[in-house]
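# Descriptive analysis of the structure
Each chain, written out:
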Amino acid sequence: MALTSTTITSWKLQEIVAHSSNVSSLVLGKSSGRLLATGGEDCRVNIWAVSKPNCIMSLTGHTSPVESIQFNSSEERVVAGSQSGSLRLWDLEAAKILRTLMGHKASICSLDFHPMGEYLASGSVDSSIKLWDVRRKGCVFRYKGHTQAVCCLAFSPDGKWLASASDDSTVKLWDLIAGKMITEFTSHTSAVNVVQFHPNEYLLASGSADRTVKLWDLEKFNMIGSSEGETGVVRSILFNPDGSCLYSGSENTLRVFGWEPDRCFDVLHVGWGKVSDLAISNNQMIAVSYSQNNVSWYVVDLNQVKKSGSVIQGLIEDKPIPAPTSAMGATLRRNYERPTTSCTRQDPEGERRSPSSEDEKEDRESSAEITNPEDYKEIFQPHSVISRTPPKRTEPFPAPLEHSFSESLITSSTPVQRVEPTVIAAAPRPVAVVTTSVTSPSRPVVTTTKPKPSTGIILSTRNEPVGLIAGDFLSVTHIRSPQSALAQIRKGHDTMCVMLTSRYKNLDTVRFVWASGDVKTSLDSAVSMNDLSIVVDILNIINLKPSLWKLDLCTSILPQIEELLQSKYESYVQTGCMSLKLILKRFWPLISDTLTAPPSVGVDITREGRLKCKACYKQLKNLSNVVKNRAEQVGRHGSTFKELQLLMAPLDY
């Protein structure tokens, strides 16, 4: 008798015991769909690879239950918010704590990373939203407007807006540049649990405890669609990567929606209980849910799911149906542009905040316990390591032969031995030395890569000299005599000696002027030598002590910074960026206040200072064009210039 094969649309992949106490939060990595972070009442954050039975890493430091957790877009960092209102940010690649951020007065219940910068947003039960600069360990913005807990936060794909959903039944849209609320959507009748931006178009989706999913037009700021028929609270929503449809997850049910007109393409009954998060990888939907201290993974084969059709809500099916909007952006609705964006105004409480001893103590008390070294090395291996083979692509999860949830194996992976690793913090790239070894026979499922640095930049750290050709010394055509080889090596040596001698004399001159205590004169003398290397040397010293900066220095050095930012040498660019950041953070409030102040009556005693501020403002405007052009680069250089563009945004107002 021939066996009939049935196509399985959804199945339970795995169930694990994630923590020694109840699980309180979890999140999937959206880029790969293969990483999971869980937070528990045991105050730990555990990192997992989907379908692997063992915990990769356990992060400690929180002293209260972890209520919210989020990966950044590259899945190299994870941030967790606790019941006490503190935030902790870890670098998963380096296996160390990066930041401890304090400021909320109540439990953190929502987090999101800015898509193009070193910023993250947090929402709290105290109804406030904070935007953090993780490099400065400070709060950049504080948004007030909600009256109850902020359940979900989401940055727009271009990074200009922040959407917030709250228990007060509202969805608010915030302009990061203006630092104020743009609009408020109030059509929901119960707590709004989740919001997400369309990947391409100016659309926002929200899911609520009122059992509806609503879509909002972000050009006209009105509602364009509302789903009906949800059987339970909407707990998670996710747009298809091409933007063609919207997935809605409620208790044991997955729905696929279209809009304009409203329609439900498909309904799937999945036994996932109260689903908590969704991700898509290899045309499969990965879903996670938790109950007590157990976490379950589910897979839905999207090849078997209808993403188009004629099931119309509230319409008669034999009426003509408008053609669906193209998923490739051929639509009348505006699409996101992806330039850099920024947050410009600074909250006084976060301005120029320096790490306190309490913060340092908090960081020391945090650690990363690597419980599965083999998977850790494969998944979070340093990106500077050159792989000699192409990275392996993740494969779709195979469907089980029989559709039986009861046969799923429950694996306990809670670490039993709490042995903390020793992290060498003084090394350029900290390496975790693990005192216990837990091996895993399986291979990794996640590979991530960083963009290559711009080829037009000469890196500050390199393994070979610039401008030398090995063939000049090791010819394959004939063997040179020792005398000939020595002469070739010495070619240009005298010129190099002259250059180094000249640089030494110039530095000695600057040092003599510096000894008199006049920083401004010593910097002017360095500028007058027309040698950027001397300027870089002096700036590297001044940058180490920001208190040396005065407004007089800015007028002298800003023209030099413009040259440094356009240099082909990475070290020059880095020094120029650091100097420009210090100038903007220390002097922009003074420049802005001086130029906007009303004219004085009587003797104009502020004239000299005003003239200096005008000169600095003019030079900063010139620099803003350079920064804007360089911010379009990819990689770490582009990221640095994006951050500068954020700081320079007030110049346009």
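This is a predicted model, so every value here is computed, not measured.

### Let's talk about helix α8 (residues 570-596)
Taking 1.5 Å of rise per residue, 27 residues should cover 39 Å, and α8 covers 37 Å from first to last C-alpha, within 8% of that figure. The largest bend in α8 comes to about 50°, at F587, with the proline P589 one to four residues further on.

### A word on unusual backbone geometry
In this model, E260 is joined to P261 through a cis peptide bond whose omega is 5°. With respect to the element layout, P261 can be found in the loop between β24 (253-258) and β25 (263-269). The backbone phi angle of E260 is positive, close to 50°, even though this residue is not glycine. Along the chain, E260 turns up in the loop between β24 and β25. Relative accessible area serves as the criterion here: at 32%, E260 is assigned to the partly exposed category.

### As for the pairing of strand β7 (residues 77-82)
For β7, a buried count of 5 out of 6 residues is recorded, marking the element as mostly surrounded by other parts of the structure. The pairing of strand β6 (residues 66-71) with β7 spans 5 bridges and is classified as antiparallel. When the bridges of β7 are listed, S68 appears paired with G81. The hairpin turn running from β6 into β7, its antiparallel successor, is 5 residues long, and E75 in that turn takes a positive phi close to 60°. As consecutive antiparallel partners, β7 and strand β8 (residues 87-91) are separated by 4 residues, and within that stretch G85 has a phi angle of approximately 100°, a positive value.

### Notes on the sheet that holds β24
With antiparallel pairing, the 4 strands of this open sheet are ordered in space as β22-β23-β24-β25. The outermost strands of the open sheet, each flanked by one partner alone, are β22 (236-239) and β25. Neighbour to neighbour, the strand axes of the sheet diverge by 20° on average, direction disregarded.

### Considering the sheet that holds β7
Taken together, the 4 strands give an open sheet; going across it, the order is β6-β7-β8-β9, and neighbouring strands pair in antiparallel fashion. Two strands lie at the open edges of the sheet, namely β6 and β9 (96-101), each paired on one side alone. Strand after strand, the sheet turns through a mean of 20° between neighbouring axes, direction not considered.

### Digging into the confidence of the model for the chain
For the chain, the average pLDDT comes to 76, and 74% of its residues sit at 70 or higher. Of all secondary-structure elements in the chain, the lowest mean pLDDT belongs to strand β31 (residues 422-423), at 32, while strand β18 (residues 192-197) reaches the highest, 95. Contacts of residues 1-5 to residues separated by more than four positions or lying in other chains number 0 contacts, the stretch itself having pLDDT below 50. In the predicted structure, residues 339-358 sits below a pLDDT of 50 and forms 56 contacts with residues beyond four places in sequence or in another chain.

### Things to note about empty space enclosed by the protein
Summed over all chains, the structure comprises 4 cavities of 30 Å³ or more. The computed volume of the largest cavity comes to approximately 60 Å³. What lines the largest cavity is a set of 11 residues, and nearest its centre among them are S226, S227, F257, G258 and D262. Within the residue set of the lining of the largest cavity, elements represented by two or more residues are β20 (213-217), β21 (222-226) and β24. Considering only residue class, the lining of the largest cavity consists of 4 nonpolar, 5 polar and 2 charged.

### A short note on helix α9 (residues 607-630)
The terminal C-alpha atoms of α9, which comprises 24 residues, lie 35 Å apart, in line with the 34 Å expected from a rise of 1.5 Å per residue. Buried within α9 are the following residues: C613, C616, Q619, L620, L623, S624, V626, V627 and R630.

### Let's talk about the packing of helix α4 (residues 493-514) against helix α6 (residues 532-544)
Axis separation between α4 and α6 bottoms out at 10 Å; the angle between their running directions is 40°. Here α6 runs oblique to α4, going by the angle between their axes. As α4 packs across α6, the resulting crossing turns out to be right-handed. Across the interface between the two elements, R503, N506, L507, V510 and W514 from α4 touch S533, I534, D537, I538, I541 and I542 from α6. Looking at the contact of α4 with α6 residue by residue, the classes come out as 7 nonpolar, 2 polar and 2 charged.

Quick notes on the rules
- Residues numbered from 1 in each chain as written.
- Predicted model: local features only at pLDDT ≥ 70, side-chain atom pairs only at ≥ 80, totals over all residues.
- Heavy atoms only, no water.
- Helix = DSSP H or I, 4+ residues; strand = E, 2+ residues; numbered from the N terminus.
- Expected span 1.5 Å × (residues − 1).
- Bend = angle between axes of the 7 residues up to and from the residue.
- Buried < 20%, exposed > 50% of the residue type's maximum accessible area, 1.4 Å probe, protein only.
- Pairing = 2+ DSSP bridges.
- Axes fitted to C-alpha atoms, helices over the stretch in contact; angles between N-to-C directions.
- pLDDT = per-residue confidence, 0-100.
- Contact = heavy atoms within 4.5 Å.
- 1 Å grid on protein atoms, 1.4 Å probe; cavity = no way out; pocket = protein on both sides within 12 Å on 5 of 7 lines; lining within 4 Å.
- Points joined across faces, edges and corners; volume = space filled by probe spheres on them.
- Nonpolar A, V, L, I, M, F, W, Y, C, P; charged D, E, K, R; others polar.
- Parallel < 35°, antiparallel > 145°, perpendicular 65-115°, else oblique.
- Left-handed = near helix turned anticlockwise from the far one by under 90°.

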